[in-house]
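Structural description and commentary
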Amino acid sequence: MLSLTIREVSAALREGRISPTELCKKCLNRIKKMQHLNAYITVTEELALQQAGEAEARLLQGAPKGPLDGIPFAVKDNFCTENIKTTCASRMLKDYTPLYNATVVQKLFDQGAVLVGKANMDEFAMGAGSTDGAFGPVRNPWSYAASYREKTGAVPDSDWVVTGGSSGGSAAAVASLTSYLALGSDTGGSTRNPGALCGVVALKPTYGLLSRHGLIPLVNSMDVPGIMTRSVNDAAIVLDILQGQDIRDSTTTPAPSSLKGLNQHFDVKSICVGIPKEYHAPGLSQETLAQWSLVADMFERAGAQVKQVSLPHTQHSIVCYHVLCHAEVASNMARFDGLEYGHRSEVDSSTEAMYASSRHEGFNDVVRGRILSGNYFLLKRNYEHYFVKAQRVRRLIADDFERAFASGVDVLLTPTTLADAARFSDFTQEDNRTRSAQEDVFTQPVNMAGLPAISVPTALSNRGLPIGLQLIGSALQEKKLLCVAQWMEQRVGFPSISDCEEKDGHGAGTA
């Protein structure tokens, strides 16, 4: 039951094959069994059982709220949840309890979805491995799958692999079958990166299509709530519920169309797939390159037009993103001063000393480093040279995408990550900035341009770990993007983690 899609489990609930309370208890038991993954910061057991009971009453009356009524979900711990701790995986907010729900969380509650917990992450969403949070690193569920253990001879407790980040807890929650969907945030690839490494579908919608109200900001001009599910159709169901204008977020835009019922018989012959030549990046693994070529050939054999396109400013994208991200981080982190909320130091010799100590104690090295460099870029003498120049390059990057789509291309097909998931011991050999620059190379240009993109798992590597590919669409063309992604998903035949699990120890039991 836990390995079903949202559509399948929703049908099971309506047909009475399982009750929302039974389903909720299965997920909560599974969370306890999967505790070693460290996917959750807070498990909301009491609330979940209460919400499941309410969903059960509605189903018994024959009046469900919608396709998500009674469906368990997880939320990244940088989305505000009323009366539930929201920590951003930081000591700074370890005791922060919001008085309201983020809009996207409230929309899920309004549909009867059941919150099982708040997912672990990199501190304040700064990272690409979910290894830098105050509550410890998240382990990739595939570390415990038979496919990985048999092919590598790995010992899970020492050779486990990372989830990617910064929404690693959300990806692990869906991949480990503890929830049917999870919300992440995506600023430079923070849902698509862990989605690819954990073998789940990860959707980053067009900037402004989903409300950011209640999402604790990292980079306001790029942040987008992301959706993680087991199938493309599930992502479409969730997006249809979450999209649309919000009076609390002035950057939102009206939903262009309903996404109910993706075309199951999509004619791929009518589309043109672009292959960006600049995405043959240094460090791209042979396996990922082979998958990329294989899927491009699959489109071509099915009658789609496949052509090479150029996005010439891609090479400047990482440096440009680095400047803009750090500048906005410096601005956003200024609110955490130890006065109104968040961690307050016991140092009280002066207000200035209290500020400094609170921020030093509350933030980790990664956050403090980004604040320092961001403030440097924003100094009066540097502003034009760094920040303004980066904004100009950002416009050129967006123009590259616009030209590609204007040339007749419907979607772009790229890798999501350079390779499959790295072992934690190898991943932590390099510093956070180097890792983020490497891991975000294929994903962050999309955030700079505000476009929709989706990562779909396509195969297992020689190590038995997931490889994902990314499809990029033009602004507000989610329906077309999801139809193409579903067509691809149906043909690659990616295995469910439940088919690859150990039937004892950590991987036991998915029924």
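Quick caveat: nothing in here was measured; it's all calculated off a predicted structure.

Some points on the overall build of the chain
- What the chain contains, in helices and strands, is 19 helices and 11 strands.
- Relative to the compact-globule value of 24 Å for 511 residues, the chain shows a C-alpha radius of gyration of 22 Å, a close match.
- Over its C-alpha atoms, taken along the principal directions, the chain stretches across nearly 65 × 55 × 50 Å.
- Classification of the 511 residues of the chain by burial places 62% in the buried group.
- In the chain, the share of contacts with a sequence separation of at least 24, taken over all contacts with a separation of at least 6, comes to 77%.
- Summed over all atoms, the accessible surface of the chain reaches about 19,000 Å², with 50% contributed by carbon and sulfur.
- In the chain, 49 side chains carry a positive charge and 54 a negative one; their mean positions are 3 Å apart.

Side note on the pattern of salt bridges
- Going through the model one piece at a time under the given rule, you end up with 16 salt bridges.
- Between Lys480 and Asp410 there is a salt bridge, and its shortest N-O distance comes to 2.8 Å. Residue Lys480 is found in helix H18 (residues 478–492), and its partner Asp410 is found in the loop between helix H14 (384–406) and strand S9 (411–415); the two are separated by 70 residues along the sequence.
- Exposure remark for Asp410: the relative accessible area of 16% places this residue in the buried category.
- If you follow the salt bridges from partner to partner, you end up with Lys85, Lys94 and Asp95 in one network.

With respect to the sheet that holds strand S6 (residues 224–229)
- Strands sit in the order S1-S3-S2-S4-S6-S5-S10-S11-S9-S7-S8 across an open sheet of 11 strands; the sheet is mixed. Edge positions in the open sheet fall to strand S1 (40–43) and strand S8 (305–309), since each of these has one partner strand only. Adjacent strand axes in the sheet meet at a mean angle of 30°, parallel and antiparallel pairs treated alike.
- Two elements, strand S4 (residues 181–186) and S6, share 6 bridges in a ladder whose sense is antiparallel.

Some details on the packing of helix H10 (residues 286–301) against H18
- It is the contact of H10 with H18, at a shortest axis distance of 11 Å, that shows an interaxial angle of 105°. Classed by the angle they form, the pair H10 and H18 counts as roughly perpendicular. Across the interface between the two elements, Val295, Met298 and Phe299 from H10 touch Val484, Trp487, Met488, Arg491 and Val492 from H18.

Quick notes on the side chain of Thr131
- Positionally, Thr131 belongs in the loop between strand S3 (114–119) and helix H5 (146–152).
- The class for Thr131 is buried, based on a relative accessible area of 11%.
- Thr131 has contacts with Asp122, Pro137, Val162, Phe424, Phe427 and Arg435, leaving out every residue within four places of it along the chain.

Some remarks on the packing of helix H11 (residues 317–332) against H14
- Orientation of H11 relative to H14, taken along the N-to-C sense of each, is 130°, at an axis distance of 9 Å. Relative to H14, the element H11 lies oblique. Classified by chirality, the crossing of H14 by H11 is left-handed. Between H11, through Ser317, Cys320, Val323, Leu324 and Ala327, and H14, the contact on the second element is made entirely by Tyr386, Phe387, Ala390, Gln391, Val393, Arg394 and Ile397.
- For the contact of H11 with H14, the residue count by class is 9 nonpolar, 2 polar and 1 charged.

Concerning the pairing of S8
- Taken together, the 5 bridges between strand S7 (residues 272–276) and S8 define a ladder with parallel strand orientation. Across the sheet, the residue bridging to Ile275 is Gln308, located in S8.

Digging into the packing of aromatic side chains
- Enumeration according to the criterion identifies 14 aromatic pairs in this entry.
- Where Phe73 meets Phe109, the ring centres are 6.0 Å apart and the plane angle is 65°; that geometry is what we call edge-to-face. Taken together, the residues span a long stretch of sequence, with Phe73 in strand S2 (residues 72–76) and Phe109 in helix H4 (residues 103–110) at a distance of 36 residues.
- Through a chain of ring-to-ring contacts, three or more aromatic side chains come together here, namely Tyr96, Phe124, Phe336, Tyr341 and Phe363.

Topic: helix H9 (residues 232–242)
- Burial of H9 is extensive: 11 of the 11 residues sit out of reach of the surface.
- Of the residues making up H9, those classed as buried are Val232, Asn233, Asp234, Ala235, Ala236, Ile237, Val238, Leu239, Asp240, Ile241 and Leu242.
- Two residues or fewer after H9 comes Gly244, characterised by a positive phi angle close to 120°.

Quick notes on the side chain of Lys118
- Within the secondary structure, Lys118 is located in strand S3.
- At 2.9 Å, the side chain of Lys118 and the side chain of Thr81 are in polar contact.
- Here Lys118 is in contact with Ala39, Tyr40, Ile41, Thr42, Val75, Lys76, Asp77, Phe79, Thr81, Ile84, Lys85 and Thr86, once residues within four sequence places are set aside.

Things to note about the confidence of the model for the chain
- Scored by pLDDT, the chain comes out at a mean of 94, with 98% of its residues at no less than 70.
- With pLDDT under 50 throughout, residues 507–511 is counted as low confidence; its partners more than four residues away or in other chains account for 18 contacts.

Section: unusual backbone geometry
- The omega torsion of the bond from Gly165 to Ser166 falls at 15°, within 30 degrees of zero and hence cis.
- Relative to the elements of secondary structure, Ser166 occurs in the loop between helix H6 (156–159) and helix H7 (168–175).
- Notably, Asn38 is not glycine yet its phi reads approximately 60°, a positive angle.

Some thoughts on the environment of Gly133
- Looking at the element boundaries, Gly133 is found in the loop between S3 and H5.
- Residues Gly133 and Asn120 lie 13 residues apart in sequence; the distance between their C-alpha atoms is 7.6 Å.
- Ignoring any residue separated from it by four or fewer positions in sequence, one finds Gly133 in contact with Ala89, Met121, Asp122 and Glu123.

Remarks on the pairing of strand S11 (residues 466–473)
- When you tally the buried positions in S11, you get 8 out of 8 residues, the bulk of the element.
- Neither face of S11 is left uncovered, since the one carrying Pro466, Gly468, Gln470 and Ile472 and the one carrying Ile467, Leu469, Leu471 and Gly473 both have all their residues buried.
- Across 5 bridges, S9 lies against S11 in antiparallel orientation. Bridge pairing in S11 places Pro415 opposite Leu469.
- Two strands pair when backbone bridges link them, and strand S10 (residues 453–460) and S11 are joined in this way by 7 bridges, in the antiparallel orientation. Looking at S11, one finds that Ser455 is bridged to Gln470.
- The turn joining S10 and S11, which pair antiparallel and follow one another in sequence, is formed by 5 residues; a positive phi near 80° is taken by Gly464.

Cut-off values and rules
Residues numbered from 1 in each chain as written. Predicted model: local features only at pLDDT ≥ 70, side-chain atom pairs only at ≥ 80, totals over all residues. Heavy atoms only, no water. Helix = DSSP H or I, 4+ residues; strand = E, 2+ residues; numbered from the N terminus. Rg over C-alpha atoms; globule rule 2.2 N^0.38 Å. Buried < 20%, exposed > 50% of the residue type's maximum accessible area, 1.4 Å probe, protein only. Contact = heavy atoms within 4.5 Å. Areas by Shrake-Rupley, 256 points an atom, 1.4 Å probe, with all protein chains shown as cover. Lys, Arg positive; Asp, Glu negative; His and termini not counted. Charge placed at Lys NZ, Arg CZ, Asp CG, Glu CD. Salt bridge = Lys/Arg side-chain N within 4 Å of Asp/Glu carboxyl O. Pairing = 2+ DSSP bridges. Axes fitted to C-alpha atoms, helices over the stretch in contact; angles between N-to-C directions. Parallel < 35°, antiparallel > 145°, perpendicular 65-115°, else oblique. Left-handed = near helix turned anticlockwise from the far one by under 90°. Nonpolar A, V, L, I, M, F, W, Y, C, P; charged D, E, K, R; others polar. Phe/Tyr/Trp six-rings, centres within 6.5 Å; stacked < 30°, edge-to-face > 60°. Polar contact = N/O pair within 3.5 Å; in protein donor to acceptor, adjacent residues only side chain to side chain. pLDDT = per-residue confidence, 0-100.

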